[in-house]
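This is what each chain is made of:
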Amino acid sequence: DTIISQDPSFFILYFAGHGINTPEGGYICTIDCEPYEEGVSFEFISKTINRLSDTTKVCIILDCCRSGGINIALHQKGSINIDNETIRNELGSLGRGKIVLAACEHDDTAKELEDFRHGFFTYHLINGLFGYAANASGEVTVSKLFEYISTKMEAAGLQTPVLRGDQI
């Protein structure tokens, strides 16, 4: 609540861990999560994001299984499960500069490779941020970062990352 009350100009949430689906919805959780103590719900994340000012730029980066299934609470419409068609039709109501960069689709798992000492997604996210995803001007943008990560994942035949939202 402290961050929300400060009305930040930029808000970033990065999480690497586990993602699960339950009958109550999707959750991000740590390795030691217990049944009925799943962690932080996608719904809570959505509600928190929607409490931010429309001028706050938001970037949610999730490296966990089922991360592409995060529910996005659309203004005045409550929480709904978002599929690609709904995103295209409804995303404008999220406000400018709200992005989700997720390691995989809603029904997929995020792979970890021992050699990387990270999830595959996080490994390439870090490399991209260190300049491998830079454009011709040397800037790392969200779209170039996603392009870099996607290319690496496709080449390895692993999960499909997800990018949703208005560009920052």
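Residues numbered from 1 in each chain as written. Predicted model: local features only at pLDDT ≥ 70, side-chain atom pairs only at ≥ 80, totals over all residues. Heavy atoms only, no water.

Caption draft 1: Fine view of the sheet that holds strand S5 (residues 57-63). With respect to topology, four strands assemble into an open sheet ordered S1-S5-S8-S11, the strand pairing being mixed. The open sheet is flanked by strand S1 (10-16) and strand S11 (162-165), the only strands paired with a single partner. Looking at each pair of strands side by side, their axes are set apart by 10° on average, direction ignored. Against the sheet, helix H2 (residues 42-51) engages S1, S5 and strand S8 (98-102), with an angle of about 165° to S5. Across the sheet, helix H4 (residues 120-132) touches S1, S5 and S8, and the angle it forms with S5 is around 135°. (Pairing = 2+ DSSP bridges. Helix = DSSP H or I, 4+ residues; strand = E, 2+ residues; numbered from the N terminus. Axes fitted to C-alpha atoms, helices over the stretch in contact; angles between N-to-C directions. Contact = heavy atoms within 4.5 Å.)

Caption draft 2: Examining the packing of aromatic side chains more closely. Enumeration according to the criterion identifies three aromatic pairs in this entry. Aromatic pair Phe 116 and Tyr 123: ring centres 3.8 Å apart, planes at 5°, arrangement stacked. With a relative accessible area of 22%, Phe 116 lands in the partly exposed category. When the ring of Tyr 132 is compared with that of Tyr 148, the centres are 6.3 Å apart and the planes differ by 20°; the resulting orientation is stacked. Within this pair, whereas Tyr 132 is found in helix H4, its partner Tyr 148 is found in helix H5 (residues 142-156), the two being separated by 16 residues in sequence. Of the residues examined, Tyr 132 reaches a relative accessible area of 59% and is grouped as exposed. Accessibility expressed as a relative area gives 14% for Tyr 148, which makes it buried. Members of the aromatic cluster, each reached through a chain of ring pairs, are Phe 116, Phe 120 and Tyr 123. (Phe/Tyr/Trp six-rings, centres within 6.5 Å; stacked < 30°, edge-to-face > 60°. Buried < 20%, exposed > 50% of the residue type's maximum accessible area, 1.4 Å probe, protein only.)

Caption draft 3: Layout of the confidence of the model for the protein. Taken over all residues, the pLDDT of the protein has a mean of 80, while the share at 70 or more is 80%. Between residues 72-95, whose pLDDT stays under 50, and residues either more than four places distant or in other chains, the model counts 34 contacts. (pLDDT = per-residue confidence, 0-100.)

Caption draft 4: Highlighting the pattern of salt bridges. Counted by the stated rule, this structure contains three salt bridges. Between Lys 47 and Glu 43 there is a salt bridge, with the nearest N and O atoms lying 3.1 Å from each other. With Lys 47 and Glu 43 both in helix H2 and four residues apart, the pair spans about one turn of that helix. (Salt bridge = Lys/Arg side-chain N within 4 Å of Asp/Glu carboxyl O.)

Caption draft 5: The pairing of S5, seen in detail. Most of S5 sits out of view: six of its seven residues are buried. Relative to S5, S1 runs parallel, the two being bridged by seven bridges. Its bridge partner lying in S5, Ile 12 is registered against Cys 59. When S5 meets S8, the two strands line up parallel, connected through five bridges.

Caption draft 6: A look at the packing of H4 against H5. Look at H4 against H5: their axes get within 9 Å of each other, and the N-to-C directions meet at 135°. Of the possible angle classes, the one that applies to H4 and H5 is oblique. Here the hand of the crossing between H4 and H5 comes out right-handed. In contact with Phe 120, Phe 121, His 124, Leu 125, Asn 127, Gly 128, Leu 129 and Tyr 132 of H4, H5 contributes Leu 145, Tyr 148, Ile 149, Lys 152, Met 153 and Ala 156. Looking at the contact of H4 with H5 residue by residue, the class counts come to 10 nonpolar, three polar and one charged. (Parallel < 35°, antiparallel > 145°, perpendicular 65-115°, else oblique. Left-handed = near helix turned anticlockwise from the far one by under 90°. Nonpolar A, V, L, I, M, F, W, Y, C, P; charged D, E, K, R; others polar.)

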